[in-house]
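Per-entry structural report
What follows is each chain in one-letter form.
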Amino acid sequence: MGRFLVGLLAVALLGGHESVRAAETCERACLEGLVDQYLDALAAHDPHKAPFASDVPFTENGQKLELGDGLWRTYTGTGSFRMFVADVEAGHVAFLGSIREAAAPAMLALHLRVRDRKIVAVETLVQRNEKSGTGFEEIGYTWREDVPPGERMSRADLMKTANMYFSGMQRNDGKGVYPFDANCNRIENGAYTTNVPTPPGQTRPDPKTANMYSSQWSCREQFESGLLHFVSRIRDRRFVAIDPERGLVFSYVFFDHMAGDTRTFQTPDGRTVSAGPQQPWTWEIAEAFRIEHGKIHQIQAIMERVPYGMNSGWSSWEDGMSSAGKDASH
């Protein structure tokens, strides 16, 4: 009897290990393939053509919808820009890509949670902006290169570094620790917003005398100027996919501009300036980072204006208003 029970226990443990292994077999190609299956189903306007689990939560631009509604009715094709962040360890995959909606260029940020090779949750941000769609197709980073194994950062360190970007921008004072590589560059809504060449006949703005940050400056110059202070709060910082093999982090966040008296502030050298939106304003943002050796090398993001203070649909009200970073892939 003792041997019989031991045998049963061994079978049970083996079965348990096999179940865990089955849940972890969706590697990079599998995860990226599920994104393609999702996009193919979108093109067919038929959720049944993708491997969804039952009762899948789905949001589009922070609103809970039924699968088959929203972009599912209007999507007409995939564009040429495609960037993936495959989080094999957690079973998540994020995608930033150009699309066509009613034949017009647009952008899609997509996050899929995967279990046993089925999609169990879907979060999307659709940016209906033709210039953004065509811009990313011209200059967007696809980030397909692996980081050498001996140089890879841990999940925790990758998230910490990306979160330092948000903490450094929130009520920016120019005095923080800003982990930028010297060649850091940023693309927002399909256009460079750092290191833009100075137009002919113009003078490059001086960070020490300007009253507004400039897209002609580097990532570090922008942050050290203290002129991003009007970004009052960066909240609901959810890091939904982390890929140590490629040094990538994908996040959804909200930027709040409180306006009013928060528009007036002091720069690091003591000058008083006023900048930023004149009414309360919130951006819903999907932002991705390429990080190596503890430094942010490249950033790309899409952002859509939403009602001030809006929640993502994936967080409690308290978490949605918090500025703490959260590993949402677990």
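Refer to the structure printed above.
No experiment lies behind these values; they were computed from the predicted model shown.

Quick word on empty space enclosed by the protein
Counted by the stated rule, this structure contains 1 cavity of 30 Å³ or more. In this structure, the largest cavity encloses a volume near 40 Å³. Around the largest cavity, the lining residues are Val147, Glu151, Arg152, Met153, Leu158, Pro244, Gly247, Ile291, Glu292 and His293. Grouping the amino acids of the lining of the largest cavity by side-chain chemistry returns 5 nonpolar, 2 polar and 3 charged.

Brief notes about the sheet that holds strand S7 (residues 180-188)
Strands sit in the order S8-S7-S14-S13-S10-S9-S15 across an open sheet of 7 strands; the sheet is mixed. Every other strand in the sheet has two partners, leaving strand S8 (191-192) and strand S15 (325-327) as the edge strands with one partner each. As defined by bridge partners, S7 adjoins S8 across 2 bridges and the pair is classed as antiparallel. Bridge pairing in S8 links Glu188 to Ala191.

Some points on the sheet that holds strand S3 (residues 75-87)
Read across the sheet, 6 strands follow the order S2-S1-S6-S5-S4-S3 without closing on themselves; strand pairing throughout is mixed. One side of each edge strand has no neighbouring strand; the edge strands of this open sheet are strand S2 (63-64) and S3. Two elements, strand S5 (residues 104-115) and strand S6 (residues 118-127), share 9 bridges in a ladder whose sense is antiparallel. Among the inter-strand pairings, His111 is bridged to a residue of S6, identified as Glu123. Contacts from helix H2 (residues 28-44) reach strand S1 (58-60), S3, strand S4 (92-101), S5 and S6, with the element oriented near 160 degrees to S3.

A short note on the packing of aromatic side chains
Counted under the stated rule, the structure contains 18 aromatic pairs. With a centroid separation of 5.2 Å and 70 degrees between ring planes, the pair formed by Tyr165 and Phe289 is classed as edge-to-face. You can see Tyr165 sitting in helix H5 (residues 155-169) and its partner Phe289 sitting in strand S13 (residues 281-292), a full 124 residues away along the chain. Both rings, one in Phe180 and one in Phe223, keep their centres 4.9 Å apart while their planes meet at 75 degrees; by these two values the pair is edge-to-face. Residue Phe180 is located in strand S7, and its partner Phe223 is located in helix H6 (residues 219-224); the two are separated by 43 residues in the primary sequence. Of the two residues, Phe180 and Phe223, both sit in the buried class. Chaining the aromatic ring pairs together yields one cluster made of Tyr165, Phe166, Tyr178, Phe180, Phe223, Phe239, Phe255 and Phe289. Above the face of the Trp281 ring, Arg305 is positioned so that its terminal group lies 3.5 Å from the ring centre.

Quick word on the state of the cysteines
Within the structure shown, the criterion is met by 2 disulfides. The residue that forms a disulfide with Cys26 is Cys30, at a sulfur-sulfur distance of 1.9 Å. Residues Cys26 and Cys30 share a disulfide whose torsion about the S-S bond is about -90 degrees; that sign makes it left-handed. Accessibility expressed as a relative area gives 15% for Cys30, which makes it buried. Two residues share a disulfide in this structure: Cys184 and Cys219, whose sulfurs sit 2.2 Å from each other. Disulfide Cys184-Cys219: torsion about the S-S bond near -70 degrees, hence left-handed. Pair noted here: Cys184 is in strand S7 and Cys219 is in helix H6, with a separation of 35 residues, a long-range link. Under the relative-accessibility criterion, Cys184 is labelled buried at 2%. Each bonded cysteine of the chain is numbered by sequence order, and under that numbering the disulfide pairs are 1-2, 3-4.

The rules behind the values
Residues numbered from 1 in each chain as written. Predicted model: local features only at pLDDT ≥ 70, side-chain atom pairs only at ≥ 80, totals over all residues. Heavy atoms only, no water. 1 Å grid on protein atoms, 1.4 Å probe; cavity = no way out; pocket = protein on both sides within 12 Å on 5 of 7 lines; lining within 4 Å. Points joined across faces, edges and corners; volume = space filled by probe spheres on them. Nonpolar A, V, L, I, M, F, W, Y, C, P; charged D, E, K, R; others polar. Pairing = 2+ DSSP bridges. Helix = DSSP H or I, 4+ residues; strand = E, 2+ residues; numbered from the N terminus. Contact = heavy atoms within 4.5 Å. Axes fitted to C-alpha atoms, helices over the stretch in contact; angles between N-to-C directions. Phe/Tyr/Trp six-rings, centres within 6.5 Å; stacked < 30°, edge-to-face > 60°. Buried < 20%, exposed > 50% of the residue type's maximum accessible area, 1.4 Å probe, protein only. Lys NZ or Arg CZ within 6 Å of the ring centre and 35° of its normal. Disulfide = S-S within 2.5 Å.

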